[in-house]
Amino acid sequence: MKHEKDWYKELVIYQIYPRSFKDGNGDGIGDLKGMTQKLDYLKELGVTAVWMSPVYASPNVDNGYDISDYFAIMEEFGTMEDWEEFRDGAHARGIAIIMDLVLNHSSDLHRWFMESRKSRDNEFSDYYIWRDPAADGKAPNGWLSVFGGGAWEYVPERGQYYLHFFAKEQPDLNWDNEEAREKIFDIIRFWNDKGVDGYRVDAISYLDKGMDGRADMTEPFGTTSCANLEGTHKYIREMVEKTTRPDNLMTVGEVNIRNLQDAKDYTSASRGEFDMAIGFVPPIVEIKTWSPERFKKEVREYYEALKEDGWWARFLSNHDKPRQVSLYGDDKTYWLESAKMLGCYLHTLPGTPFVYQGEELGMTNIQLPSIDDYDDIDTKNYYKTMVEEGASPKEALAESQAVSRDNARTPMQWDDSENGGFSPSRPWLPVNENYVRINARQQMADENSVFKFYQKLIALRKENPVLVHGDFELCCPEEGPVIAYTRSFDGVTWLAAHNFSGGTQRLACGRVKREAQVILGNYKEQAIEEGILELRAYETVILKVE
């Protein structure tokens, strides 16, 4: 597909977690054949790009984010021919393909690492971060791994430790090595030649480790100590310049954004880094700190910071977060209303919306009965750490259930048949029991469903430039559960209002007129007075205003 400059701004991107999307060969694991079978579903929904989580060869310590061969497809997912069939089918339907690149680290079973660990003087010896033991024979410093335990692992063959910011099976690559960088760029060039349209780049804020004294060694986690150092930005600019910019391929980086300057550094066009960025927030932090007030503050500040020279990746869900209707909405009493409200909020904000598989159905969190039922390495380590720190097994399980990444990874709910129509075999992860009432087949036949509402939202964005290019201005109080704003472009102004609560709220806004045209809402009728908009529980509405 040929891409014009800034084409990514008009996309609606759908994230597929391949293992959980659709099983095409009946073994209980989602795969590329299953993804191809559902391309017509994606076209009917209206999305214009698919971001697939990693499908490369992997031992699956971290569900594909530990890659052992970047040029091969994971056997469980199929073959390169299967990937090419999906590519061709997607492109024939006008759907771009965004691959997930994991470039901070590889698997410890990657050929580079298996050679690197053998000695200090072989071809690949400097492709990873190796350091001698400290004077007492222990790790070079006290950095901790994000997944628990220390961030250093000893290898007797070299008499050295290697660094792993994530699992010990995910050694960090040495971007300071020019030869290693070029080999990494060759990976991107290979997939460019395969017809990929863009990349989501995983955990990319830590390429420059700053171990020459620039990283803050008082921080316990290396991912905090060395985040966003200038060397990382330099390497990203080099990568983009050499691999993706020549063909205007889309790039979105998963990055550590601590302030507005970080957002500018990663996404300002003049910097030559990413087109947009996904800021990573640990699920436990998000659960404990989110609020409508925080949303309002962040949306306003980041809009002002990036409106001249940057862009926004907009998402409420992904494979690392709890389900959005369970976190930000009400997945019980007001499930339908809040699932629609969250969709309307996302798709009316400035930026490119990312839809995570199942959110267009209002899929919810799952509560598995035992920690042994969970697959996610992060969930298991979180539970273990809580128990070690004194929590009861019951307390640790309850908190682990809330934050688990497996909430987003349960199989897609296609219909009300066995296993939700995901697979004829026992799925790799249990299907949420509510698949009988929350599934795609039922919703595609129901004009009042979450799916149909998303379909309308996506169509609105395609047909109305105001939602893509419009200016943004908040028009609601800083306090309280209502988020309302206007989008204005080329003489057209729309007002979007969203009630993030289960109670009725009144929004006073001079832009609201009794005769205002209702573009879309999640209730059949709207309570509109002159200057007043009354919003019921989790109500959302888009009005055309003067």
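Keep in mind that what you see is a predicted model, and the values were worked out from it rather than measured.

**Q** Let's hear about the overall build of the chain: which residues, and what values?
**A** When its secondary structure is counted, the chain shows 18 helices and 21 strands. In terms of overall dimensions, the chain has C-alpha extents of about 75 × 55 × 50 Å along its principal axes. Of all 546 residues assigned to the chain, the portion counted as buried reaches 61%. Contacts in the chain between residues far apart in sequence, at least 24 positions, make up 68% of those at least 6 positions apart.

**Q** Provide a residue-level description of the pattern of salt bridges, including the pertinent values.
**A** Under the criterion given, the structure shown has 44 salt bridges. Notably, a salt bridge pairs R294 with E298, separated by 3.2 Å at the nearest N-O pair. Of this pair, R294 and E298 are both found in helix 11 (residues 292-306), four residues apart, which corresponds to roughly one turn of the helix. What makes E298 partly exposed here is its relative accessible area of 33%. With a shortest N-O distance of 3.0 Å, E304 and K307 are connected by a salt bridge.

**Q** Describe the pairing of strand 10 (residues 250-255), with residues and values.
**A** Where burial is concerned, most of strand 10 is hidden: six out of the six residues are buried. Going residue by residue along strand 10, you find M250, V252 and E254 tucked away on one face and T251, G253 and V255 tucked away on the opposite face as well. Across four bridges, strand 9 (residues 198-202) lies against strand 10 in parallel orientation. Across the sheet, R200 pairs through a bridge with V252, a residue of strand 10. Direction of pairing for strand 10 relative to strand 11 (residues 276-279): parallel, over a ladder of four bridges. Residue pairing in the sheet places E254 in a bridge with I278 of strand 11. Read as a crossover between parallel neighbours, the route from strand 10 over helix 9 (residues 260-267) to strand 11 is right-handed.

**Q** Before we move on, could you go through the packing of aromatic side chains and cite the residues and values that matter?
**A** Taken as a whole, this structure holds 35 aromatic pairs when the rule is applied. Here the aromatic cluster, defined as three or more aromatic residues joined through ring pairs, consists of Y56, Y70, F71, W83, F190 and W191. Residue placement shows R19 over the ring face of W428; its charged tip is 5.4 Å from the ring centre. Across from the ring centre of W335, 5.9 Å away, lies the NZ or CZ of R437, which sits over that ring.

**Q** Which residues make up the sheet that holds strand 15 (residues 482-489), and what are the values?
**A** Within the open sheet, the five strands sit side by side as 14-15-16-21-18. Their pairing is antiparallel. On the outer flanks of this sheet lie strand 14 (471-474) and strand 18 (517-521), each paired with one strand and no other. Averaged over all pairs of adjacent strands, the angle between strand axes in this sheet comes to 20 degrees, irrespective of strand direction. Both strand 18 and strand 21 (residues 540-545) contribute to a ladder of four bridges, which runs antiparallel. Bridging across to strand 21, L520 finds its partner in I542.

**Q** Which residues make up the nonpolar core, and what values go with them?
**A** Most often, soluble globular proteins keep nonpolar side chains buried together rather than apart. Membership of the largest hydrophobic core comes to 82 residues, with the highest contact counts inside it found for Y14, L42, W83, M99, L103 and W191. The element best represented in this core is helix 6 (residues 178-193), accounting for six residues. W7, W51, A96 and Y328 belong to the second-largest nonpolar core, a separate cluster that totals 40 residues.

**Q** Which residues make up the side chain of D262, and what values go with them?
**A** In this fold, D262 is placed in helix 9. Note on D262: relative accessible area 6%, which makes it buried. For D262, the contacting residues outside a window of four places in its chain are N228, N256 and I257.

**Q** Please give an account of unusual backbone geometry that cites residues and values.
**A** In the Ramachandran plot, A203 falls in the positive-phi region, its phi being about 40 degrees despite a non-glycine side chain. Assignment of secondary structure puts A203 in the loop between strand 9 and helix 7 (222-225). For N228, which is not a glycine, the phi torsion comes out positive at approximately 65 degrees. Along the chain, N228 falls in the loop between helix 7 and helix 8 (230-243). The class for N228 is buried, based on a relative accessible area of 9%.

**Q** Got a sec to walk through the sheet that holds strand 20 (residues 532-535)? Specific residues and values, please.
**A** Here we have three strands laid out as an open sheet, ordered 17-20-19, and antiparallel in their pairing. Among the strands making up the open sheet, the edge pair consists of strand 17 (505-508) and strand 19 (527-529). Shown here is a sheet whose adjacent strand axes are inclined to one another by a mean of 20 degrees, direction ignored. Two elements, strand 17 and strand 20, share four bridges in a ladder whose sense is antiparallel. Bridging across to strand 20, Q505 finds its partner in L535.

**Q** Lay out the state of the cysteines in plain terms, naming residues and giving numbers.
**A** Counted by the stated rule, this structure contains zero disulfides. Residue C475 stays outside any disulfide, its sulfur separated by 4.1 Å from that of C509, the closest cysteine.

**Q** Go over a nonpolar patch on the surface, please, and point to the residues and values.
**A** Residues L144, V146 and F221 make up a contiguous nonpolar surface patch of roughly 200 Å² in combined accessible area. Tracing the chain through its elements places F221 in the loop between strand 9 and helix 7.

**Q** A description of helix 14 (residues 377-388) should follow, citing residues and the corresponding values.
**A** Compared with the 16 Å implied by 1.5 Å per residue over 12 residues, the 16 Å span of helix 14 between its first and last C-alpha is a close match. Of the positions making up helix 14, those classed as buried are I377, T379, Y383 and M386. Where helix 14 is buried, its residues contact helix 15 (393-403). For helix 14, the N-terminal capping position is held by D376, with its side-chain oxygen 3.2 Å away from the main-chain nitrogen of D378. Just downstream of helix 14, G390 is the residue with a positive phi angle, here 110 degrees.

Rules of the game
Along each chain, residues carry numbers from 1 onward, in the same order as the chain's sequence is written. Totals for whole chains, interfaces and linings use all residues, but because this is a predicted model, local features are given only for residues with pLDDT of at least 70 and pairs of side-chain atoms are given and counted only at 80 or more. Computation of side-chain values covers all heavy atoms of the structure but excludes hydrogens and water. The way it works is that DSSP assigns letters per residue, a run of H or I at least four long becomes a helix, a run of E at least two long becomes a strand, and they are numbered from the N terminus. Each residue's exposure class comes from its accessible area (1.4 Å probe, protein chains only) as a fraction of the maximum for that residue type: buried when under 20%, exposed when over 50%, partly exposed otherwise. Residue contacts are defined here by distance: any two heavy atoms, one from each residue, within 4.5 Å place the two residues in contact. One side-chain nitrogen of Lys or Arg within 4 Å of one carboxyl oxygen of Asp or Glu is enough to make a salt bridge. If DSSP finds at least two bridges between two strands, the strands pair. A clockwise path from the first strand over the helix to the second, with the strands pointing away from the viewer, defines a right-handed crossover. For Phe, Tyr and Trp, rings pair up if their centres lie within 6.5 Å, where Trp contributes its six-membered ring, and each pair is then called stacked (planes under 30 degrees apart), edge-to-face (over 60) or tilted (otherwise). Whether a charge sits over a ring comes down to the Lys NZ or Arg CZ being within 6 Å of the ring centre and within 35 degrees of the ring normal. The axes used here are C-alpha line fits, helices contributing only the stretch in contact, and every angle between their N-to-C directions lies in the interval 0 to 180 degrees. What we call a nonpolar core is a set of buried Ala, Val, Leu, Ile, Met, Phe, Trp, Tyr and Cys residues that are connected through their side-chain atoms within 4.5 Å. By disulfide we mean two sulfur atoms from cysteines, separated by a distance within 2.5 Å. Surface patches are defined over residues having more than 30% relative accessible area and no salt bridge, joining like charges when they lie within 9 Å and nonpolar side chains (Val, Leu, Ile, Met, Phe, Trp, Tyr) when within 5 Å. Exposure was quantified through the Shrake-Rupley algorithm and a 1.4 Å probe, taking into account, for residues, occlusion by the shown protein chains and nothing else. To estimate how far a helix should extend, the number of its residues minus one is multiplied by 1.5 Å. Nitrogen and oxygen atoms within 3.5 Å of one another constitute a polar contact, given that in protein one can donate a hydrogen and the other can accept it, and given that sequence-neighbouring residues count only through two side-chain atoms.

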